[in-house]
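Overview (structure and organization)
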Amino acid sequence: MNVNNEHIDTLIPHLFRQEYAKITAVLSRHFGLQHIEVAEDIASETFVKAMSHWAVHGIPASPAAWLYTVAKNKAKDYLRRQVLFESEIKNEIKGTEKEAEQEFEFSEEIIADSQLLMIFVVCDPVNPPSTQICLALQILCGFSVEEIAGAFLSNRETIKKRLHRGRVNLRTNSFQLRSLNRMEVDARMSAVLKTIYLLFNEGYFSQNEKVFIRKDLCAEAMRLTLLLVENQLTNSSEANALLALMSFQSSRLNARTNELGEAILYEDQDRELWDQFLMQKGYYYLGKAFADKVVSKYHLEAGIACWHTTGGDAKWPQILQLYNQLIMLEYSPMTVINRAFAFAKVYGCKQALKEMEKIDFPQNSYYHGLMGFLYSELDVGQAIGHYRKALALTGSVAEQRVIAGRIERLGGRADVVA
Amino acid sequence: MKEFVLIFRNSVQEGGNPSPEQMQQLLTDWMNWMGGIAAQDKLADRGNRLSMSEGKTVKPGDVVTDGPYTEVKEFINGYIIVKTANIEDAVSIARECPILNVGGHVEVRKVVSPDDHS
């Protein structure tokens, strides 16, 4: 059965991204991760062949299986050449012949295991989080340098350098990993979760106006977390909590921007646009996350996101309590700001301002956005002042539109800042 | 930054136990108060609550008595550690503590550090 050729242009980029990462992961595990470039080359060549072959013969019924077969053959060819090369120099090497005949298997299980191993390799604290995310996008998600640069609003050269440095660091460290065991999982699980969490946030809170890019990042982060949850070794309550959090957040992705790509605040969102399927997934994984007594920041954030799926004001006292726990667990300015908002929802803006008396983040646009909100009914001058600072500090055009709208509603002029 | 332990003391309630509603309110106030300290990045340690029902006092001469409350009406029921620039700052945090609304009080004590000579 052949699919219509017209689909080839749209099918391949999607397929490439998914299958490239899988083929690379499986082959790297065979060759040893220090030879990851070889695996990547073979994966690329496989797609070059697919492009030319499919354009003539049509897309096969099972494109993935077709790709695996080609990748397998290319990998065998590579090993055969290596062996030939080695034996010509060294004349006679026992055992290498046998190695050349090893089977490359692309079963679902082996793909999942290989990708899981790759996740643990890439999320190595030897690299700063920003580098880990870039490496994850390239190696685990099959993003090109251009696509990563696009997602990060950065330029190609910067990303290229970052990826290069990251790979050099991995080579001396994590590339020695052959398979996962309990000890390695325990040692690195929190770093893995953190990187995936940041990858998701990069998509969810990104200042990038291209909604499709942000959705891609969120979807990839969820796919990686699903890999963790589906393996016994890594199916921790934190991983389930993280997946629940991502499911709840993603369920609102479509409602967060309007047709023009403008941000829509939670309170103004059309609940009909919330994705019911993802919400159900969120409840499901949250239930699993609370099966044991662990309470991580992912549990608390998932709990908050879960309450946000309910209507009305009854949720705010619960949300405030979760923020209280979250801020005690891990200090972050964003949590301080969100907690103060919840505080205002429960006890009013005046009380919330009292909470904020001793807190000041002069360079944080969200801080000024919050202060603008809290002052809106109490002191219009102060409110506009804070909103103007927020306007000057935010890099997001969508954000700027929202803030400018608020200033105008307060009767002020928003055009102070270029 | 210096660390101060806030020690919470309360006395045996004379008017009986608070109602579930009152306890719920106290818990909420308590969490908000702790959250507020953490929001200022001044919570060094969440500390611990100390049990009211399970406790013994050990004295010389192999004397073990039940609980701390046989002789004193007042007992310690928990502590937290805050980090502030000075003791005045720690005191202003303690001033907001919900225990003050239910008949208790807070003792503020600096944690002695190795290079302390006071």
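Throughout this document, residue positions are counted from 1 along each chain, in the order its sequence is written. To read the labels, note that chains go from A and ligands from 1, taken in the order they are written. Note on the predicted model: pLDDT of at least 70 is required for a residue's local features to be given, and 80 or more for side-chain atom pairs to be given and counted; whole-chain, interface and lining totals, by contrast, use all residues. Excluded from the side-chain calculations are hydrogens and water; all other atoms, namely the structure's heavy atoms, are used.

Looking at an unreviewed UniProt entry, one finds chain B named Transcription initiation protein, with Chitinophaga silvisoli as its source organism. In its Sequence similarities (unreviewed entry) section, the UniProt record describing chain B reads: "Belongs to the YciI family." UniProt positions are given in the numbering used here, feature names are shortened, and annotations may be inferred rather than shown by experiment.

Where an unreviewed UniProt entry is consulted, chain A appears under the name RNA polymerase subunit sigma, with the organism given as Chitinophaga silvisoli.

Remarks on the overall build of chain B
Counting from the N terminus, the helices are DSSP H or I runs at least four residues long and the strands are E runs at least two residues long. Helix and strand content of chain B: two helices and six strands. Beginning at the N terminus, the succession of helices and strands in chain B can be written as β-α-β-β-β-β-α-β. By residue count, 36% of the 118 residues in chain B fall in the buried class. The contact rule is simple, with two residues in contact once any of their heavy atoms fall within 4.5 Å. When contacts within chain B are restricted to residue pairs at least 6 apart in sequence, those whose partners lie at least 24 apart make up 77%. Areas reported here follow the Shrake-Rupley algorithm with a probe of radius 1.4 Å; residue values treat only the protein chains shown as occluding. When the accessible area of chain B is evaluated, it comes to approximately 7600 Å², of which 53% is carbon and sulfur surface. Partly exposed residues are those whose accessible area sits between 20% and 50% of the maximum for their type, while under 20% is buried and over 50% is exposed, using a 1.4 Å probe and protein chains only.

Section: the overall build of chain A
Each helix and strand counted, chain A has 20 helices and zero strands in total. Per-residue burial over chain A gives 50% buried out of 418 residues. Contacts in chain A between residues far apart in sequence, at least 24 positions, make up 65% of those at least 6 positions apart. Carbon and sulfur atoms form 53% of the exposed surface of chain A, whose accessible area is close to 20600 Å².

A short note on the sheet that holds strand E2 (residues 43-49) of chain B
Residue and element names in this part refer to chain B. When DSSP locates at least two bridges between a pair of strands, those strands are taken to pair. Taken in spatial order, the four strands line up as E2-E5-E1-E6 in an open sheet, and their pairing is antiparallel. Every interior strand has two partners, whereas the edge strands, E2 and strand E6 (105-110), have only one. Strand-to-strand twist of the sheet, defined as the mean angle between neighbouring strand axes without regard to direction, takes the value 20 degrees. When strand E1 (residues 2-11) meets strand E5 (residues 74-84), the two strands line up antiparallel, connected through 10 bridges. Within E5, the residue paired with Phe8 across the bridge is Gly78. Angular values range over 0 to 180 degrees, each being the angle between N-to-C directions of two axes fitted as lines to C-alpha atoms, with helices fitted over their stretch in contact.

Quick notes on the nonpolar core
In this structure, Ile119(A), Leu137(A), Ile196(A) and Leu228(A) are the most contacted members of the largest nonpolar core, which totals 64 residues. Those residues within four positions of Ile119(A) in sequence are excluded, and the remaining contacts are Leu140(A), Val192(A), Ile196(A), Leu224(A) and Leu227(A). The criterion is simple. A nonpolar core is a set of buried Ala, Val, Leu, Ile, Met, Phe, Trp, Tyr and Cys residues joined through side-chain atoms within 4.5 Å. Listed in part, the 47 residues of the second largest apolar core include Tyr323(A), Ala344(A), Met356(A) and Trp33(B).

With respect to the interface of chain A and chain B
The extent of an interface is frequently quoted as the accessible surface area lost upon association of the parts. The interface is formed by 15 residues belonging to chain A together with 15 residues belonging to chain B. Two parts lose some accessible area (1.4 Å probe) when they are put together, and adding that loss for both gives the buried area. Between chain A and chain B, the buried area comes to about 1300 Å², and carbon and sulfur atoms account for 56% of it. Ranking the residues of chain A by area buried against chain B places Met328(A), Tyr331(A) and Lys358(A) at the top, with a combined share of 44%. Whenever Lys or Arg places a side-chain nitrogen within 4 Å of a carboxyl oxygen from Asp or Glu, that contact is recorded as a salt bridge. Summed over the shared surface of chain A and chain B, the result is zero salt bridges. Elements supplying a minimum of two residues to the side of chain A that touches chain B: helix H15 (315-329), helix H16 (333-347) and helix H17 (349-356) of chain A. With six residues, the top contributor of residues to the side of chain A that touches chain B is H15(A). All residues other than Ala, Val, Leu, Ile, Met, Phe, Trp, Tyr, Cys, Pro, Asp, Glu, Lys and Arg, Gly among them, are scored as polar; the first ten of these are nonpolar and the last four charged. Grouping the amino acids of the side of chain A that touches chain B by side-chain chemistry returns eight nonpolar, three polar and four charged.

A word on the environment of Cys134(A)
Residues and elements named next belong to chain A. Looking at where Cys134 falls in the secondary structure, it is placed in helix H6 (residues 129-140). According to the relative accessible area criterion, Cys134 is buried, its value standing at 0%. Sequence separation of Cys134 and Ile23 is 111 residues, and the distance between their C-alpha atoms is 19 Å. For Cys134, the contacting residues outside a window of four places in its chain are Ile148, Phe152, Ile159, Arg162 and Leu163.

Describing the pairing of E5(B)
By the bridge criterion, four bridges tie E2(B) to E5(B) in an arrangement that is antiparallel. Counterpart to Asp45(B) in the pairing with E5(B) is Ile81(B).

Here's the deal with the UniProt feature "domain: RNA polymerase sigma-70 region" (unreviewed entry) in chain A
Sites flagged by UniProt as "domain: RNA polymerase sigma-70 region" (unreviewed entry) map to residues 15-82 of chain A. Counting secondary structure, residues 15-82 of chain A comes out at 87% helix and 0% strand; the distance between its end C-alpha atoms is 29 Å.

Focus on the packing of helix H9 (residues 182-204) of chain A against helix H11 (residues 237-251) of chain A
Residue and element names in this part refer to chain A. It is the contact of H9 with H11, at a shortest axis distance of 11 Å, that shows an interaxial angle of 5 degrees. Considered as vectors, H9 and H11 are oriented roughly parallel to each other. Along the contact surface, H9 presents Met189, Leu193, Ile196, Tyr197, Phe200 and Tyr204, while H11 presents Glu238, Ala239, Leu242, Leu245, Met246, Gln249 and Ser250. The class makeup of the residues in the contact of H9 with H11 is 10 nonpolar, two polar and one charged. Note on angle classes: values under 35 degrees are labelled roughly parallel, values over 145 roughly antiparallel, values of 65 to 115 roughly perpendicular, and the remainder oblique.

Focus on the packing of H16(A) against H17(A)
Residues and elements named next belong to chain A. At their nearest, the axes of H16 and H17 sit 7 Å apart, and the two run at 145 degrees to each other. With respect to the hand of their crossing, H16 and H17 are arranged in right-handed fashion. Across the interface between the two elements, Arg339, Ala340, Phe343, Ala344 and Tyr347 of H16 pack against Cys349, Gln351, Ala352, Glu355 and Met356 of H17. Looking at the contact of H16 with H17, its residues break down into seven nonpolar, one polar and two charged. Definitions for this section: a left-handed crossing has its near helix turned counterclockwise from the far helix by less than a right angle. A right-handed crossing has that turn clockwise.

Structural notes on the confidence of the model for chain B
Residue and element names in this part refer to chain B. Here chain B averages 88 in pLDDT, and 90% of its residues register 70 or above. Confidence of the predictor at the level of single residues is captured by pLDDT, which takes values from 0 to 100. Of all secondary-structure elements in chain B, the lowest mean pLDDT belongs to strand E4 (residues 63-66), at 86, while helix H2 (residues 87-94) reaches the highest, 97. With a pTM of 0.82, the predicted complex shows an ipTM of 0.85.

Some words on the packing of aromatic side chains
All names here are of chain A. Any Phe, Tyr or Trp ring, taking Trp's six-membered ring, that has another such ring centre within 6.5 Å forms a pair; planes under 30 degrees apart are called stacked, those over 60 apart edge-to-face, and the others tilted. One pass over the structure, following the stated rule, counts 14 aromatic pairs over all chains. With centroids separated by 5.0 Å and ring planes inclined at 75 degrees, the aromatic side chains of Tyr284 and Tyr285 adopt a geometry described as edge-to-face. For Tyr284, a relative accessible area of 45% corresponds to the partly exposed category. The buried category is assigned to Tyr285, whose relative accessible area is 9%. Geometrically, the ring pair formed by Phe341 and Phe373 is tilted, given 5.1 Å between the ring centres and 45 degrees between the ring planes. Placement of the pair is Phe341 in helix H16 and Phe373 in helix H18 (residues 365-375), with a sequence separation of 32 residues. Consider the ring centre and the ring normal. A charge sits over the ring if Lys NZ or Arg CZ is within 6 Å of that centre and within 35 degrees of that normal. The aromatic ring of Trp274 is capped on one face by Arg252, whose charged end is 5.6 Å from the ring centroid.

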